[in-house]
Amino acid sequence: MKPLFRNLLHHHHPINFILVISTKTPKAQIVLLLLAAVVSALTVPDPEKTRDVVAEAEKNRRDSSRGKKNHQRQDGDDQGRSNKQSVVYAGDPVPIDLFDKVLLLCPSEEDSSASCVSHESSGNGGGSSRKFQPNAKTTRSKKQGNKGEIVDLWTLLTQCAQAVASGDQRTANEQIKQIRRHSSSSGDGNQRLAHYVANALEARLAGTRVPVYTAHVSNGRSAADILKAYQVYVKACPFKRMSNFFANRTIRKLTLSQKASRIHIIDFGILYGYQWPCLIQRLSERPGGAPKLRLTGIELPQPGFRPAERVEETGRRLENYCKRFNVPFEFSVIAKKWETIQLEDLKIDGDELTVVNCLYRLKNLPDETMVANSPRDTVLKLIKRINPDLFVHGVVNGTYNAPFFATRFREALFHFSALFDMFDANVARDDRNRLNFEKEIYGRDVMNVVACEGLERVERPETYKQWQVRNLRAGFRQLPLDQDILHQVQKTVKSEYHKDFVVDVDGQWMLQGWKGRIVFGLSFWKPASKF
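In this text, all values refer to a predicted model and were calculated from it rather than measured experimentally.

## Some words on the confidence of the model for the chain
When pLDDT is averaged across the chain, the result is 79; 69% of the residues are at 70 or more. Here residues 1–91 is a poorly scored stretch, pLDDT under 50, and it has 98 contacts once near neighbours within four places are set aside; other chains count. Across residues 117–141, confidence stays below pLDDT 50; counting only partners more than four residues off in sequence or on other chains, it has 47 contacts.

Printed below as a string of structure tokens:
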């Protein structure tokens, strides 16, 4: 029944399911499917009304620049070819060797490289001799159009945002058309940035309802597709790879120093669990045998009938790794709004070494500008009540959370221009997985920051200094960075990545960035009362 049910979900209106069910189907299944059909009919929006605004914007661009008869896309944007809603299942099979290639090829203890990913050369390491603009500002170069006109995309985008903010639809629409003539999702970094920003400006101008945003979970992409895109990302830039390495190595050192036989890791924002296979492998190598690993994976609920489906699949994948490396393992799932989680939900055991891990996801919780009792502070207070032996906190260092659109837009341009420029310097422009990553991650984030307001805008980063104040106010004390691990990170980034990547330290935060712009910060904490 399962494949048939999936097929019907994808191709038919929910109410039509009942017409094709075999008469031999047990009554219980018939009742279940009938209920599902009725609920789906009431809750699933009309695809015509909720189709992706990015696809709609891309269609407008194609119609104006190539004519309606040309349906071939040069930019790798597949969304919008059909009005059917894509159905993706967390349980889609992912070859184990694909995960091995990206996540599990950890070097031996004697290997000095700070790696848990494949070392295949991508042709863009630290020895690159390619010429680059010296800073983010100069990358906003003027583009020469097909007819010889000089177009400053940065200025044009800023002027268009001003027109959108003031409600000047005529001027904004004309400027969006002009931006589209000189932008593309397959062009250089500036052109790609302009492409996605134009999509977002058009959505904001039209008042189009943007699809519900769930961090890093995309309709139309399987876990395998996302993993392939993630592989390109970790080979092109060190941000996530070095964060995972620093966090995992610190956790491992703590388990060794305390000779812990049982470890409980509470991961706020686990999603696909890419961080943990390398730690599992390392724990299996511990003298005297591996400790028992209890992992609580926390995520925001996934829309639909199975809010925890994605995280449950992550747990099954990690369980397979633990069996492979003979690490005793227990996995629990919590899929609910983080500020509603209670201490009792986590089943804290005082005899376990407890680690709370949250890398780059607290930015998705509302802050004081939205609600009086900030969910960010609520979650931090919960973490303090957990009384962990270690709190690993990674943040996106962003200043594009201003309540005023013009200020937020300008700061967002600075932030995302660095990310698109970084990719352009390190990955071929026709790389399909780069296109997918930019669309599914950067493009979606740009859409949320520019087109959304109120509770629908969930991309709300703060600077690492703001998070430092927030953590101290919540009752944490900051721990010093392990200098041996820090030096290993700096050595790896210098030897394996482009020369414009930055690893710095400020106030016991490890900072990572591109061409002087700090993008990520990582720090380690304990409750102030825990010694």
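## A look at the packing of aromatic side chains
Under the defined criterion, the tally for this structure stands at 23 aromatic pairs. Considering the side-chain rings of phenylalanine 405 and phenylalanine 409, the 5.8 Å spacing of their centres and the 45° angle between planes classify their relative orientation as tilted. On the criterion of helical spacing, the pair formed by phenylalanine 405 and phenylalanine 409 is a turn pair, its members being 4 residues apart in helix α14 (residues 405–426). An aromatic cluster of three or more residues is present, and its members are Tyr196, Tyr233, Phe420, Phe423, Phe437 and Tyr442. Above the ring of phenylalanine 405, the side-chain terminus of arginine 204 is found at 3.9 Å from the ring centroid. Above the plane of the ring of tryptophan 467 lies arginine 470, whose end atom (NZ or CZ) is 5.4 Å from the centre.

## Focus on helix α8 (residues 189–206)
Its 18 residues give α8 an end-to-end C-alpha distance of 26 Å, which sits within 8% of 26 Å, the value for a rise of 1.5 Å per residue. Measuring from the side-chain oxygen of the N-cap residue of α8 to the backbone nitrogen of asparagine 190 gives 3.1 Å; that N-cap residue is aspartate 188. Positioned one or two residues after α8, glycine 207 has a phi angle of 70°, which is positive.

## Some points on the side chain of asparagine 397
Within the secondary structure, asparagine 397 sits in the loop between β7 (390–396) and α14. Overall, asparagine 397 belongs to the buried group, its relative accessible area being 15%. A polar side-chain atom of asparagine 397 sits 3.0 Å from the main-chain amide nitrogen of tyrosine 464. Every residue in contact with asparagine 397, bar those within four places of it in the chain, is listed here: His415, Glu462, Thr463, Tyr464, Ile518, Val519 and Phe520.

## Regarding the packing of α14 against helix α15 (residues 432–451)
Two numbers describe how α14 lies on α15: the axes approach to 10 Å, and their chain directions differ by 170°. If you check the angle between α14 and α15, you find them roughly antiparallel. Contacts between α14 and α15 involve Phe405, Arg408, Phe409, Ala412, Phe416, Leu419, Phe420, Met422, Phe423 and Asp424 from the first element and Arg434, Phe437, Glu438, Tyr442, Asp445, Val446, Val449 and Val450 from the second.

## A short note on unusual backbone geometry
Here the phi dihedral of asparagine 387 falls at roughly 60°; this positive angle occurs in a residue that is not glycine. Within the secondary structure layout, asparagine 387 lies in the loop between α13 (375–386) and β7. For asparagine 387, a relative accessible area of 33% puts it in the partly exposed group.

## Quick look at the pattern of salt bridges
One pass over the full model with this rule turns up 30 salt bridges. The shortest N-O distance in the salt bridge between arginine 306 and glutamate 312 comes to 3.6 Å. Residue class for glutamate 312 comes out partly exposed when judged on its relative accessible area of 30%. The salt bridge involving glutamate 313 is made with arginine 317; its shortest N-O contact spans 3.9 Å. Taken together, the positions of glutamate 313 and arginine 317, both in helix α12 (residues 309–324) and 4 residues apart, correspond to about one turn of that helix. The network of salt bridges with common partners includes Glu368, Arg376, Asp377, Glu462, Arg470 and Arg473.

## Considering the packing of helix α10 (residues 239–257) against helix α11 (residues 276–284)
Across the interface, α10 lies against α11 with an axial gap of 10 Å and an inter-helix angle of 30°. Compared by their axis directions, α10 and α11 come out roughly parallel. In terms of crossing hand, the pair formed by α10 and α11 is right-handed. Contacts between α10 and α11 pair Asn248, Arg249, Ile251, Arg252 and Thr255 from the former with Trp276, Cys278, Leu279, Arg282 and Leu283 from the latter. Here the contact of α10 with α11 is built from residues that sort into 5 nonpolar, 2 polar and 3 charged.

## Description of the nonpolar core
The biggest cluster of nonpolar side chains holds 99 residues, and the ones touching the most others in it are Leu201, Tyr233, Phe239, Phe246, Phe409, Phe416 and Tyr442. In terms of residues, this core owes the most to one element, α14, which gives 11 residues. Not counting residues up to four positions away in its chain, the partners in contact with phenylalanine 416 are Leu193, Tyr400, Tyr442, Asp445, Val446 and Val449. Within the second largest apolar cluster, 26 residues are counted, among which are Trp338, Leu382, Ile386 and Ala474.

## Overview of the environment of asparagine 433
Mapped onto the fold, asparagine 433 is located in helix α15. Sequence separation of asparagine 433 and isoleucine 226 is 207 residues, and the distance between their C-alpha atoms is 8.5 Å.

## Describing helix α6 (residues 153–166)
Taking 1.5 Å per residue, 14 residues should reach 20 Å; α6 reaches 20 Å between its end C-alpha atoms and fits that length. For α6, every residue scored as buried is listed here: Leu153, Trp154, Leu156, Leu157, Cys160, Ala161, Ala163 and Val164.

## What to know about the environment of leucine 318
When you line up the elements, leucine 318 lands in helix α12. Separated by 13 residues in the primary sequence, leucine 318 and phenylalanine 331 place their C-alpha atoms 8.6 Å from one another. Non-local contacts of leucine 318, meaning those with residues more than four positions away in its chain, are made with Ile270, Gly273, Trp276, Pro277, Ile280, Leu295 and Phe329.

## A few points about the pairing of strand β6 (residues 353–359)
For a regular strand, side chains alternate in direction, first toward one face of the sheet and then toward the other. Summarising burial for β6: 7 of the 7 residues are buried, a large majority. Of the two faces of β6, the one holding Leu353, Val355, Asn357 and Leu359 and the one holding Thr354, Val356 and Cys358 are both buried throughout. Strand direction decides the pairing type here: strand β3 (residues 262–268) and β6, joined by 5 bridges, are parallel. Of the residues in β6, the one forming a bridge with isoleucine 263 is leucine 353. Summarising the sheet, β6 and β7 pair through 5 bridges and their orientation is parallel. Its bridge partner being in β7, asparagine 357 is matched across the sheet by valine 392.

Parameters and conventions
- Residues numbered from 1 in each chain as written.
- Predicted model: local features only at pLDDT ≥ 70, side-chain atom pairs only at ≥ 80, totals over all residues.
- Heavy atoms only, no water.
- pLDDT = per-residue confidence, 0-100.
- Contact = heavy atoms within 4.5 Å.
- Phe/Tyr/Trp six-rings, centres within 6.5 Å; stacked < 30°, edge-to-face > 60°.
- Helix = DSSP H or I, 4+ residues; strand = E, 2+ residues; numbered from the N terminus.
- Lys NZ or Arg CZ within 6 Å of the ring centre and 35° of its normal.
- Expected span 1.5 Å × (residues − 1).
- Polar contact = N/O pair within 3.5 Å; in protein donor to acceptor, adjacent residues only side chain to side chain.
- Buried < 20%, exposed > 50% of the residue type's maximum accessible area, 1.4 Å probe, protein only.
- Axes fitted to C-alpha atoms, helices over the stretch in contact; angles between N-to-C directions.
- Parallel < 35°, antiparallel > 145°, perpendicular 65-115°, else oblique.
- Salt bridge = Lys/Arg side-chain N within 4 Å of Asp/Glu carboxyl O.
- Left-handed = near helix turned anticlockwise from the far one by under 90°.
- Nonpolar A, V, L, I, M, F, W, Y, C, P; charged D, E, K, R; others polar.
- Core = buried A, V, L, I, M, F, W, Y, C linked by side-chain atoms within 4.5 Å.
- Pairing = 2+ DSSP bridges.

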